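Residues per chain, in single letters:
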Amino acid sequence: MRISWLPTVAGAAVLGTVIRAAFFTPLEAKQGAAQKIFYIHVPSAWVAFLAFFLVAVASGVYLWIRDPRLDRFAESSAEVGVVFTTVVLITGPLWAKPIWGTYWAWWDVRLVSTLFLWFIYVSYIVLRGAVESPALRARYSAVLGILGALLIPFIHLSVYLFATMHPMPIVGKPSAPSLPIEMLMTLLLSLVSFTLLYFAFVRSRYRYAGERDAAAARREHNA
Amino acid sequence: MQLPQEGNTMPDTSAYYHLAYTIALGIYAAYGLSLYLRRKRVRAK
């Protein structure tokens, strides 16, 4: 069996992050162990935003030059983005319950708009399965892929624009990060390792899409 | 976020932490496995 280097490196990096978070990163003074959800929730959210942003970029360029490889990349990145957003939507409430006293608040714009983002890209996947013509499927899903990504800046800014329980960014903000250096290093490691995991997933999903389309073309040719 | 000082008492929230990590890593592992199996199946066609 041939071992692919990117999934191996990404898997090792994620495992290293989990070990560092569990055994070599101090507990937070007020939240205790639940704060360590931070090292899986924040990088998953970062990767989900990156994934959907790249869907929009690939979709925009697809509409311009109509290269099916861009459509396959957008399809792959959207599916991987949905997986990461699912993790965000599960780990967030599990962190919220011991800290805020509730799993979810329907009035909280950050939470609900992230759920909407998940619905949009689940719809994107459903749409792709519902349209038979490859050219039409690529065009429709490119438009939805671009429109969905417009929600990303809104989600990021929602903590500044509305009253919300969700904390403000503690790293991605104009002033210096407001967390101890041990925690910051674990967070940076987690951002790198989950980004590697994203690229490993997308590469594998992209290759699958290419092999699937080639098999479909062969079947059509033989029929 | 702050480091605990000596004598600090922290709430025991480890059950949420363990559950979140188990579910998240389980989802990523399951997705990775599904990609592997899908590619294997399409190559066999």
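The text that follows walks through the structure, step by step, so that each part is easy to find.

Quick notes on the rules
- In every chain, residue numbers begin from 1 and rise along the written sequence.
- Working convention: letters from A go to chains and numbers from 1 go to ligands, in the order in which they are written.
- At least 70 in pLDDT is required for a residue's local features to be given in this predicted model, at least 80 for side-chain atom pairs to be given and counted, and no such filter applies to totals for whole chains, interfaces and linings, which use all residues.
- What counts as a helix is a DSSP run of H or I of at least four residues, what counts as a strand is a run of E of at least two, and both are numbered from the N terminus.
- Working definition of burial: number of other C-beta atoms within 10 Å of the residue's own, with buried at 20 or more, exposed at 12 or fewer, and partly exposed in between, all C-beta atoms being placed from the backbone.
- Note that contacts rest on C-beta atoms placed from the backbone: two residues are in contact if these are within 7 Å.
- Each nonpolar core comprises buried Ala, Val, Leu, Ile, Met, Phe, Trp, Tyr and Cys residues, the members being joined through C-beta atoms within 7 Å.
- Each residue gets one label: Ala, Val, Leu, Ile, Met, Phe, Trp, Tyr, Cys and Pro are nonpolar, Asp, Glu, Lys and Arg are charged, and the others, such as Gly, are polar.
- Angles here are taken between N-to-C directions and fall from 0 to 180 degrees, while the axes themselves are lines fitted to C-alpha atoms, restricted in helices to the stretch in contact.
- When an angle is under 35 degrees it counts as roughly parallel; over 145 it counts as roughly antiparallel; between 65 and 115 it counts as roughly perpendicular; any other value is oblique.
- Each crossing is labelled by how the near helix is turned from the far one, with a counterclockwise turn of less than a right angle marking it left-handed and a clockwise turn marking it right-handed.
- A helix is expected to span 1.5 Å for every residue after the first.

A word on the overall build of chain B. In terms of helices and strands, chain B carries one helix and zero strands. Overall, the C-alpha framework of chain B stretches about 65 × 15 × 10 Å when taken along its three principal axes. Expressed as a percentage of its 45 residues, the buried residues of chain B come to 18%.

Our next topic: the overall build of chain A. Within chain A, the secondary structure is distributed over seven helices and zero strands. Taken from N to C terminus, the helices and strands of chain A fall in the order α-α-α-α-α-α-α. With 223 residues in all, chain A has 39% of them scored as buried. In chain A, once contacts between residues fewer than 6 apart in sequence are set aside, the share between residues at least 24 apart is 76%.

Our next topic: the nonpolar core. Core analysis: the largest hydrophobic core is formed by 59 residues, its most contacted members being Ile37, Ala51 and Val55 of chain A. Put simply, the parts of the chain that give this core at least two residues each are helix 1 (5-23), helix 2 (38-65), helix 3 (68-100), helix 4 (109-130), helix 5 (134-149) and helix 7 (181-222) of chain A together with helix 1 (14-44) of chain B. The biggest single contributor to this core is helix 2 of chain A, with 16 residues. When sequence neighbours within four positions are dropped, the list of residues in contact with Val55 of chain A reads Ala74, Ser77, Ala78, Gly81, Gly145 and Ala149 of chain A.

The next subject is the interface of chain B and chain A. Each partner contributes to the interface: chain B provides 28 residues, whereas chain A provides 35 residues. Residue composition of the side of chain B that touches chain A, by class: 17 nonpolar, six polar and five charged.

Take the packing of helix 3 of chain A against helix 1 of chain B next. Direction vectors running N to C along helix 3 of chain A and helix 1 of chain B enclose 175°, while the axes themselves pass 9 Å from each other. When the axes of helix 3 of chain A and helix 1 of chain B are compared, the pair comes out roughly antiparallel. Between helix 3 of chain A, through Val83, Thr86, Val87, Ile90, Thr91, Leu94, Trp95, Lys97 and Pro98 of chain A, and helix 1 of chain B, the contact on the second element is made entirely by Tyr16, Leu19, Ala20, Ile23, Ala24, Ile27 and Tyr31 of chain B. For the contact of helix 3 of chain A with helix 1 of chain B, the residue count by class is 13 nonpolar, two polar and one charged.

Another aspect to go through is the environment of Met183 of chain A. One can find Met183 of chain A in helix 7. Excluding its chain neighbours within four sequence positions, the residues that come into contact with Met183 of chain A are Thr25 of chain A together with Met1 of chain B.

With that out of the way, let us pick up the environment of Ser141 of chain A. Residue and element names in this part refer to chain A. Along the chain, Ser141 turns up in helix 5. Along the backbone, Ser141 and Val9 are 132 residues apart, and their C-alpha atoms lie at a distance of 32 Å. The contact partners of Ser141, leaving out residues within four places of it in the chain, are Tyr124, Leu127 and Arg128.

As a further point, take the packing of helix 3 of chain A against helix 7 of chain A. Residue and element names in this part refer to chain A. Between helix 3 and helix 7, whose axes approach to 8 Å, the crossing angle comes to 130°. When the axes of helix 3 and helix 7 are compared, the pair comes out oblique. Once helix 3 is placed against helix 7, the crossing between them reads as right-handed. For the pair formed by helix 3 and helix 7, the contact residues are Arg72, Phe73, Glu75, Ser76, Ser77, Glu79 and Val80 on the first element and Tyr198, Phe201, Val202, Arg205, Tyr206, Ala209 and Gly210 on the second.

A word on helix 4 of chain A. Residues and elements named next belong to chain A. The end-to-end C-alpha separation of helix 4 is 31 Å, in line with the 32 Å expected for 22 residues at 1.5 Å each. Buried residues of helix 4: Arg110, Leu111, Thr114, Leu117, Ile120, Tyr121 and Tyr124, and no others. Of the surrounding secondary structure, the elements contacted by the buried residues of helix 4 are helix 2, helix 3, helix 5 and helix 6 (151-161).

Residues and elements named next belong to chain A. The phi dihedral of Arg66 is positive, around 55°, even though this residue is not glycine. Within the secondary structure, Arg66 sits in the loop between helix 2 and helix 3. Arg66 sits in the partly exposed class, given 13 other C-beta atoms within 10 Å.

Glancing now at helix 3 of chain A. All names here are of chain A. Its 33 residues give helix 3 an end-to-end C-alpha distance of 46 Å, which sits within 8% of 48 Å, the value for a rise of 1.5 Å per residue. Burial analysis of helix 3 places 24 of its 33 residues in the buried class, the great majority of the element. Directly beyond the C-terminal end of helix 3, a positive phi value near 90° is found at Gly101.

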